[in-house]
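Residue-level structural notes
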Amino acid sequence: MFPIVHARQLSDAVFEMGVHAPAIARKAQAGQFLMLRIDEDGERIPLTFSDWSADEGWIRFIFMRVGKTTHQLSHLGVGDSLADVVGPLGVPTHVEGLGRVAVVGGGVGTAVAYPVARAMVAAGNEVTVIVGARNADLLILEDEFRALPIKELIICTDDGSAGRKDLVTAPLKELCESGAIDHSMAIGPAIMMKFCVATTKELGVPCVVSLNPIMVDGTGMCGACRCSVGGETKFGCVDGPDFDGHQVDFEELMSRQRVYNDDERLADAEYHKECSCHS
Amino acid sequence: MSLVDDTATPAPAEKPRHRPARIPRTPMPERDAAVRAKDFEEVTLGYTEEMARAEASRCLQCKNPTCIEGCPVNIDIKSFIGKMIGGDYHAAVAVLKEKNALPAVCGRVCPQEEQCESRCVLAKKGESVAIGRLERWLGDFDLACELEHRCVPEVGEDSGKRVAVVGSGPAGLACAGELRRFGHSVTIFESLHATGGVLTYGIPEFRLPKHIVQAEVGLLEEMGVEIRCDVVIGATYTIDELMTEEGFDAVFVGNGAGLPMFLGIPGENLNGVYSANEFLTRVNLMRAYEFPKADTPVWRGRKVAVVGGGNVAMDAARTAKRLGAEEVFLVYRRTEEEMPARKEEVHHAREEGVEFKMLCSPVEVTGKDGWVTGIVANTMELGEPDASGRRAPVCVMGADFTIDCDTVIMALGTRANPLLPKTTPDLELSKRGYIVTDEDGATSKPGVYAGGDIVTGSATVILAMGAGKRAARAMDEWLKGAAR
Ligand SMILES: Cc1cc2nc3c(=O)[nH]c(=O)nc-3n(C[C@H](O)[C@H](O)[C@H](O)COP(=O)(O)OP(=O)(O)OC[C@H]3O[C@@H](n4cnc5c(N)ncnc54)[C@H](O)[C@@H]3O)c2cc1C
Ligand code: FES
């Protein structure tokens, strides 16, 4: 069992959770993920580390309440525990010698962008962070980003309630066009990453993406996480999650992410029948 | 040379005299195919005590029993059956467990027809003693006893040495049990949340109930084996860290060959295409058949094509049936003759309504809106024997036929997972990525041993167990040497 040592609601549907897992905390690196299972009946889901402390033996992750598992997770707090936490999995994000980088985080992907930006700064790169959210209420980790020695934090919201009223691709495009960046990384919903890739590809700036395919084991055993990259099949969990965005088949990724949509709706409906704790 | 005939003659009369019963081989009670193909309960029911006694009484108790040579771990078959004849089941179990820590498992999944039973003197008449079924009965008998009456092998005097075992599949479990008998302290590290390896995530409930696997693993814990799930060696700890920071004196690697293969044909990443590993893991380990009570879903196809001809393909096909598929096709590029699956599995699959499409080699998976709609295949014929000795399939007509289906399961075998070796650069690997060892399981890295599918490629439960045990003996020697 893995005791929950930290739980905080970041916005309406976004939560941060910390778990005591010293062996994992000792090894975690930016861009890596964990697999967790809440209880005996639970499914295994991947979540990327948002933070960790090797000294204090905890790891943190941030999740959006979307389906049954994340709903259930959002109701847990300090004093509860998770049946299983495994990691650190996946290849760490490459942060060395990138030069001037734009890190784009959208939605909960922002949670992953944070340790990535931190690691890139620590590796001596000049980092500009672009964060996108639907509105100001859904914006997360603004203070944390501001505390990092980054060049600039650009906030975009769909409705202009915070920062610029723009999609993240607008400032990304400007940075590429003005020659202000040598490299970029996009982490967020597949559709956002797809557009970041389109933007950077046109202007000849490399763009690494952190893919989020469906996973079961997270260790290369099942192939649920197959992605097409440069015409080759890769396993997202062991070959990734980071890939050269310009090579990724996003249509396939998005299609594969939808396989269990109907099942998830059913599980969610069943769960809400039993769970009277909220509307 | 007719060595077998000379040595395998029935024992001369001794007192009290055993008169082998001249009765036909006792059939195994099975659930009706139409009923069982709709649920996940066990297909074969096991002998009753009467049946087991009757079957045991068929044994000739040969003076030089050849069956034992057919057993990869050399269980003293004559002796355990002898004890059964005498009605001393506890003693019979003890004989079994001397060589095999998981009799209830092996009694169910070992290919006895190619091993011990093929060497039985009675096999010549096609009526060998049903050694596997007797083993299963004894294993189940032991598991049904109260813990204090169960046969727990004796643990050796504490050696002060600590061994890490990577993986809780048959190889790791057998190695761990044996090491405890030598008195070493043992910790198993398992990457999944449950123990058993393929026994748990691969082989379906209806062939090997999971409570049996867990009960047999429980007995190892009773012997003092510590089990730590959710630890991926190569990620959470490297082998070097185990041997330095974590204080282990030796490591056994039994991490299996878990990386699924695909054909590399167009359309393989469409929705509805599974590796057998994913499909079976969802259903067995994650219990998707209980969805939504269990949270993990599985796509339940109406027309399912399973590609492959081994046990894994049979398991996937029969599982698909149980999930409600109306039609399940088994697509194989050779003929039934060459299929590596056990005859019993083939027979059961057929009884349950799985349709066999032989000499058929897929070249494309077709789809619409991201989902599978069918397979395009070549018609094959058998040519000259290949390296495996089986006649190689050759294409007679290209892309000439299609199979309509909404699900495709690729049961094409597995390879070594590079996750662990990648972080252990001084571990010598074969060209195909398997760990290279000597006969005793010693790898190129001092103190590190390996066995099971990660050394041989996909094989069998009992071969993996045998390798685990052999390595344990070599490790014991090594640890004693290292102590000096
Ligand atoms: C569907 C299916 C049906 C089969 N049917 C039969 C049958 O009827 N009869 C038969 O004899 N054989 C059968 N086999 C083959 C048999 O199961 C295998 O040969 C046997 O399980 C191999 O044992 P193993 O211990 O080497 O590996 P596995 O059983 O694969 O166990 C390896 C274990 O190590 C864990 N692991 C992997 N990597 C790591 C890591 N880095 N750190 C920690 N843990 C790790 C895995 O999670 C797993 O639990 C079948 C196989 C399959 C897939
Ligand atoms: S999640 Fe199973 S192989 Fe990647």
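Residues numbered from 1 in each chain as written. Chains lettered and ligands numbered in written order. Predicted model: local features only at pLDDT ≥ 70, side-chain atom pairs only at ≥ 80, totals over all residues. Heavy atoms only, no water.

**So, the overall build of chain B**
Heads up, the condition is: Secondary structure elements follow DSSP: runs of H or I of four or more residues count as helices, runs of E of two or more count as strands, with numbering from the N terminus. Using C-alpha atoms as the atom set, the radius of gyration is obtained and then compared with a globule rule of 2.2 Å times the number of residues to the power 0.38. Pairs of residues are marked as contacts when any of their non-hydrogen atoms sit within 4.5 Å. In this tally, Lys and Arg are treated as positive and Asp and Glu as negative; His is ignored, and so are the chain termini. To locate a charge, take NZ of a lysine, CZ of an arginine, CG of an aspartate or CD of a glutamate.
If you tally the helices and strands in chain B, you get 18 helices and 15 strands. Over its C-alpha trace chain B gives a radius of gyration of 23 Å, about what one expects of a compact globule, namely 23 Å for 484 residues. C-alpha atoms of chain B, sized along the principal axes, occupy 70 × 60 × 50 Å. When contacts within chain B are restricted to residue pairs at least 6 apart in sequence, long-range pairs at least 24 apart make up 69% of them. Measuring between centres, the 57 positive side-chain charges of chain B sit 4 Å from its 71 negative side-chain charges.

**Here's the deal with the domain arrangement of chain A**
Interfaces are frequently sized by the accessible area removed from exposure as the parts join. All names here are of chain A. Just so we agree on the cut-off: Those domain boundaries reflect an automatic or database domain assignment. By salt bridge we mean one thing: a side-chain nitrogen of Lys or Arg within 4 Å of a carboxyl oxygen of Asp or Glu. By the criterion applied in these results, polar contacts are pairs of N or O atoms within 3.5 Å in which, for protein atoms, one can donate a hydrogen and the other can accept it, and in which residues neighboring in sequence qualify only through two side-chain atoms.
Each domain of chain A was delimited in the assignment, giving domain 1 (2-89) and domain 2 (100-257). Computed over C-alpha atoms, the centres of domain 1 and domain 2 are 21 Å apart. Each partner contributes to the interface: domain 1 provides 20 residues, whereas domain 2 provides 21 residues. Our count for the contact surface shared by domain 1 and domain 2 stands at two salt bridges. Of the charged contacts in the structure, one is a salt bridge between Asp 51 and Arg 118, with a shortest N-O distance of 3.0 Å. For the pair domain 1 and domain 2, the interface holds four residue pairs in polar contact (both at pLDDT 80 or more). Elements with a contribution of two residues or more to the side of domain 1 that touches domain 2: β3 (33-37), β4 (45-53) and β5 (58-64). Here the side of domain 1 that touches domain 2 gets six residues from one element, more than from any other, and that element is β4.

**Concerning the domain arrangement of chain B**
Residues and elements named next belong to chain B. Cut-off, in case you're wondering: Accessible-area loss on putting two parts together, using a 1.4 Å probe and summing over both, is the definition of buried area adopted here.
For chain B, the assigned domains are domain 1 (40-149), domain 2 (162-258 + 416-483) and domain 3 (259-414). Here the C-alpha centre of domain 3 lies 30 Å away from the C-alpha centre of domain 2. Contacts between the two partners involve 18 residues from domain 2, matched on the other side by 16 residues from domain 3. Roughly 1,400 Å² is buried in total at the junction of domain 2 and domain 3, and carbon and sulfur atoms are behind 53% of that figure. In terms of surface lost to domain 3, no three residues of domain 2 exceed Tyr 201, Phe 206 and Arg 207, which account for 41% of the buried area on that side. We note a salt bridge from Arg 207 to Asp 315, for which the minimum N-O separation is 2.7 Å. Taken together, domain 2 and domain 3 are joined by seven residue pairs in polar contact (both at pLDDT 80 or more).

**A short note on the interface of chain B and chain A**
Applicable threshold: The classification used treats Ala, Val, Leu, Ile, Met, Phe, Trp, Tyr, Cys and Pro as nonpolar, Asp, Glu, Lys and Arg as charged, and all other residues, Gly among them, as polar.
Contact residues are listed per partner, giving 44 residues for chain B and 45 residues for chain A. Roughly 3,500 Å² of surface becomes buried between chain B and chain A when both sides are summed, with 51% attributable to carbon and sulfur atoms. Sorting the residues of chain B by area buried against chain A places Asp 230, Asn 269 and Asp 295 of chain B first, and these three jointly supply 20% of that buried surface. For the pair chain B and chain A, the interface holds five salt bridges. Glu 241 of chain B is the salt-bridge partner of Lys 27 of chain A, the closest N and O atoms lying 2.9 Å from each other. Viewed at the interface, chain A and chain B are joined by 23 residue pairs in polar contact (both at pLDDT 80 or more). Elements that contribute at least two residues to the side of chain B that touches chain A include exactly β5 (259-260), β6 (273-275), α13 (276-285) and α16 (419-422) of chain B. The residue inventory of the side of chain B that touches chain A, partitioned by class, reads 20 nonpolar, 13 polar and eleven charged.

**Focus: the sheet that holds strand β1 (residues 162-166) of chain B**
Residue and element names in this part refer to chain B. Spelled out, the test is: Following DSSP output, two strands are said to pair if at least two bridges run between them. For helices, the fitted line uses only the C-alpha atoms of the stretch in contact; every axis is such a line through C-alpha atoms, and the angle between N-to-C directions lies from 0 to 180 degrees.
Taken in spatial order, the five strands line up as β3-β2-β1-β4-β15 in an open sheet, and their pairing is parallel. For this open sheet the edge positions go to β3 (226-228) and β15 (448-450), each flanked by a neighbour on one side alone. Along the sheet, successive strands turn relative to each other by an average axial angle of 20°, direction set aside. Pairing of strand β4 (residues 250-253) with β15 involves three bridges; the strand directions are parallel. Bridge assignment links Val 251 to a residue of β15, and that residue is Val 448. Taken strand by strand, helix α9 (residues 170-181) contacts β1, β2 (185-189) and β4, and its axis lies near 165° from that of β2.

**Focus on the environment of Gln 115 of chain B**
Residue and element names in this part refer to chain B. Here Gln 115 lies in the loop between α6 (103-109) and α7 (116-119). Considering only alpha carbons, one finds Gln 115 and Gly 234, 119 residues apart in sequence, at a separation of 36 Å. Residues in contact with Gln 115, not counting those within four places in the same chain, are Gly 70, Pro 72, Cys 110 and Ile 462.

**Focus: the nonpolar core**
Keep this limit in mind: Nonpolar cores were defined as sets of buried Ala, Val, Leu, Ile, Met, Phe, Trp, Tyr and Cys residues, with membership established by side-chain atoms within 4.5 Å. When a residue's accessible area, from a 1.4 Å probe over protein chains only, is under 20% of the maximum for its type it is buried; when over 50% it is exposed; and in between it is partly exposed.
The biggest cluster of nonpolar side chains holds 68 residues, and the ones touching the most others in it are Ile 77, Phe 80, Ile 81, Met 84, Leu 134 and Leu 138 of chain B. Here this core gets nine residues from one element, more than from any other, and that element is helix α18 (residues 461-483) of chain B. The two domains that each donate at least three residues to this core are domain 1 (40-149) and domain 2 (162-258 + 416-483) of chain B. Apart from the residues within four sequence positions on either side, Ile 77 of chain B is in contact with Cys 67, Ile 68, Cys 71, Cys 116 and Ile 131 of chain B. The next biggest cluster of nonpolar side chains, apart from the first, holds 55 residues, and it includes Ala 21, Ile 24, Leu 73 and Ile 155 of chain A.

**Concerning helix α3 (residues 109-122) of chain A**
Residues and elements named next belong to chain A. The condition that has to hold: What a helix should span is 1.5 Å times the count of its residues minus one.
Here α3 is 14 residues long and its end C-alpha atoms lie 20 Å apart, about the 20 Å a rise of 1.5 Å per residue gives. Counting buried positions along α3 gives eleven out of 14 residues, so the element sits mostly inside the fold. If you check which residues of α3 are buried, you get Gly 109, Thr 110, Ala 111, Val 112, Ala 113, Tyr 114, Pro 115, Val 116, Ala 117, Met 120 and Val 121. The elements touched by buried residues of α3 are β4, β5, β8 (100-106), β9 (126-133), α4 (142-146) and β12 (183-187). Gly 124, located one to two residues past α3, shows a positive phi value of around 90°.

**A look at the site of ligand 1**
All names here are of chain B. The condition is simple: Residues are counted as near a molecule or strand when any one of their heavy atoms sits within 4 Å of it. Values of accessible area rely on a 1.4 Å probe in the Shrake-Rupley scheme; residue burial ignores everything except the protein chains shown.
Every one of the 32 residues lining ligand 1 counts as a neighbour, but Val 109, Ala 171, Glu 190, Arg 207 and Ile 233 are closest to it. One of the backbone N or O atoms of Gly 197 is found 3.4 Å from an oxygen atom in ligand 1. Contact between ligand 1 and Val 198: an oxygen atom at 3.0 Å from a main-chain N or O atom of the residue. Within the complex, the protein chains bury 94% of what would otherwise be the 990 Å² of accessible surface of ligand 1. Residue assignment for the shell around ligand 1 shows that the elements contributing at least two residues are α9, α14 (311-322) and α18. Within the shell around ligand 1, the residues separate by chemical class into 16 nonpolar, twelve polar and four charged. Two domains each provide a minimum of three residues to the shell around ligand 1, namely domain 2 (162-258 + 416-483) and domain 3 (259-414).

**Focus on the sheet that holds β9 of chain A**
The strands making up a sheet are joined through hydrogen bonds of the backbone, oriented either antiparallel or parallel. Residue and element names in this part refer to chain A. Spatially, the seven strands line up as an open sheet ordered β11-β10-β9-β8-β12-β13-β16, and their pairing is mixed. The sheet is open, and its two edges are formed by β11 (164-165) and β16 (242-244), each paired on a single side. On top of the sheet, helix α6 (residues 190-202) reaches β8, β12 and β13 (207-210); it is set at about 165° to β12, its chief contact.

**Brief notes about the state of the cysteines**
Should the sulfur atoms of two cysteines be covalently bonded, the bond is a disulfide. Worth spelling out the cut-off: Note on terminology: disulfide denotes any pair of cysteine sulfur atoms within 2.5 Å.
For the structure shown, the criterion picks out zero disulfides over all chains. Residue Cys 207 of chain A stays outside any disulfide, its sulfur separated by 5.9 Å from that of Cys 196 of chain A, the closest cysteine. Of the residues examined, Cys 207 of chain A reaches a relative accessible area of 2% and is grouped as buried. Here Cys 120 of chain B is not disulfide-linked; the sulfur of Cys 67 of chain B is the nearest cysteine sulfur, at 6.6 Å. Residue classification places Cys 120 of chain B among the buried residues on the basis of a relative accessible area of 12%.

**Things to note about the packing of helix α8 (residues 131-144) of chain B against helix α11 (residues 210-222) of chain B**
Residue and element names in this part refer to chain B. Spelled out, the test is: Orientation labels follow simple angle bins: below 35 degrees gives roughly parallel, above 145 gives roughly antiparallel, 65 to 115 gives roughly perpendicular, and whatever is left gives oblique. Two helices crossing with the near one rotated counterclockwise from the far one by less than a right angle form a left-handed crossing, whereas a clockwise rotation gives a right-handed crossing.
It is at 11 Å that the axes of α8 and α11 come closest, and there the two elements cross at 70°. Taken together, the axes of α8 and α11 lie roughly perpendicular to each other. Between α8 and α11 the crossing geometry is left-handed. Here Asp 140, Asp 142 and Leu 143 of α8 lie close against α11, whose contacting residues are Ile 212, Ala 215, Glu 216 and Leu 219. The residue inventory of the contact of α8 with α11, partitioned by class, reads four nonpolar, no polar and three charged.

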